[in-house]
Amino acid sequence: MSHPALPTHARVVVIGGGVIGCSVAYHLAQMGCRDVVLLERHQLTAGTTWHSAGLMVTFGSTSETSTEFRKYTRDLFARLEAETGQATGFKPIGFIEVACDADRLEEYRRVSAFNRHCGVEVHEISAREVGDLFPLARTDDILAGFYVKEDGRVDPVDCTMALAKGARLRGVTILEKVPVTGI
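Reading the values: rules and limits
Residues numbered from 1 in each chain as written. Predicted model: local features only at pLDDT ≥ 70, side-chain atom pairs only at ≥ 80, totals over all residues. Heavy atoms only, no water. Phe/Tyr/Trp six-rings, centres within 6.5 Å; stacked < 30°, edge-to-face > 60°. Helix = DSSP H or I, 4+ residues; strand = E, 2+ residues; numbered from the N terminus. Buried < 20%, exposed > 50% of the residue type's maximum accessible area, 1.4 Å probe, protein only. Expected span 1.5 Å × (residues − 1). Bend = angle between axes of the 7 residues up to and from the residue. Contact = heavy atoms within 4.5 Å. Polar contact = N/O pair within 3.5 Å; in protein donor to acceptor, adjacent residues only side chain to side chain. Core = buried A, V, L, I, M, F, W, Y, C linked by side-chain atoms within 4.5 Å. Pairing = 2+ DSSP bridges.

S.K.: Is there a simple way to explain the packing of aromatic side chains in this structure?
M.R.: Any pair of aromatic rings gets described here by the distance separating the centres and the angle formed by the planes. Applying the stated criterion across every chain, the model contains four aromatic pairs. Centroid distance Phe59 to Phe95: 6.4 Å. Interplanar angle 35 degrees. Geometry classified as tilted. Placement of the pair is Phe59 in the loop between β3 (55-56) and α2 (64-84) and Phe95 in strand β4 (residues 95-99), with a sequence separation of 36 residues. Phe95 matches Phe59 in its accessibility class, with the two residues each being buried. With centroids separated by 5.9 Å and ring planes inclined at 75 degrees, the aromatic side chains of Phe59 and Tyr108 adopt a geometry described as edge-to-face. Here the residue Phe59 occupies a position in the loop between β3 and α2, and Tyr108 occupies one in helix α3 (residues 102-117), the gap between them amounting to 49 residues. Through pairs of rings, three or more aromatic residues link up here, namely Phe59, Phe95, Tyr108 and Phe146.

This is the structure:
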């Protein structure tokens, strides 16, 4: 198998062309880091990225750092298509987490209070409202739902390709079919 010509040096080498690797390359370039090379042994998204669920959820963390990352990522996927011309498949269709017992209800109320403190618009909704928003749901055992209207899903392949395109536009070299066998 022939491989593309590798650069003789690079300031940063990112190994792996999934959503995480492409995001790292994109953000390094966005911060002004030059001479970045991303190496992928097969093709972009060929690992676990292509079959991930693509959920884009801000609800659920009790870490301020994690919540800020979630909010940033949701905002990034909402604007990345305009920036790169590559669709991310982001659809803010909403997210509902349900509580079916008293302990879970108490936990989600604490989580939602923390998330609201961090700027996430979480609304506690009734079982009937869960059914109105998601008619396929069985709601007879639901005590409450916790709804974030702005959350949703992305297409894992599309958002990875948008990150890769954004990285390339900022000068990152992306090489596919280059297995890394040593450092």
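S.K.: Where do I start with α2 in this structure?
M.R.: If you check α2, its first and last C-alpha atoms are 29 Å apart, about what 21 residues at 1.5 Å a residue would give, namely 30 Å. At Ala78, α2 shows its maximal kink, close to 35 degrees. Buried residues of α2: Thr67, Lys71, Arg74, Leu76, Phe77, Leu80 and Thr84, and no others. Turning to α2, the residues buried within the fold contact α1 (19-30), β3, α3, β6 (144-148) and α5 (156-169). Of the residues flanking the start of α2, the one acting as N-cap is Ser63, its side-chain oxygen 3.3 Å from the backbone nitrogen of Thr65.

S.K.: Honestly, the nonpolar core in this entry has me stumped. Any pointers?
M.R.: Burial of nonpolar side chains together is a common tendency in soluble globular proteins. Core analysis: the largest hydrophobic core is formed by 23 residues, its most contacted members being Ala25, Val36, Leu38, Phe77, Leu163 and Val172. Among the elements of the structure, α1, β2 (36-40), α2 and α5 are those that each provide at least two residues to this core. Sequence-distant contacts of Leu163, defined by excluding residues within four places in its chain, comprise Val19, Cys22, Ser23, Tyr26, Leu76, Phe77 and Leu80. The next biggest cluster of nonpolar side chains, apart from the first, holds twelve residues, and it includes Phe59, Tyr108, Val120 and Phe146.

S.K.: I tried to follow the side chain of Asn115 on my own but got confused; where do I start?
M.R.: By the secondary structure assignment, Asn115 is in helix α3. A distance of 3.0 Å separates the side chain of Asn115 from the backbone nitrogen of Gly60, its partner in a polar contact. There is a polar contact of 2.8 Å between the side chain of Asn115 and the backbone oxygen of Ser61. Residues within four places of Asn115 in sequence aside, it is in contact with Thr58, Phe59, Gly60, Ser61, Thr67, Val120 and Val122.

S.K.: Would you mind showing me how to read the pairing of β6 here?
M.R.: Along any regular strand the residues' side chains alternate between the sheet's two faces. Burial analysis of β6 places five of its five residues in the buried class, the great majority of the element. Side-chain alternation along β6 places Ala144, Phe146 and Val148 on one buried face and Gly145 and Tyr147 on a second face that is also buried. Relative to β6, β4 runs antiparallel, the two being bridged by five bridges. Residue pairing for β6: Glu97 is matched across the bridge by Phe146. Note: strand β5 (residues 123-125) against β6, three bridges, orientation antiparallel. Pairing of Ile125 across the sheet is with Gly145, part of β6.

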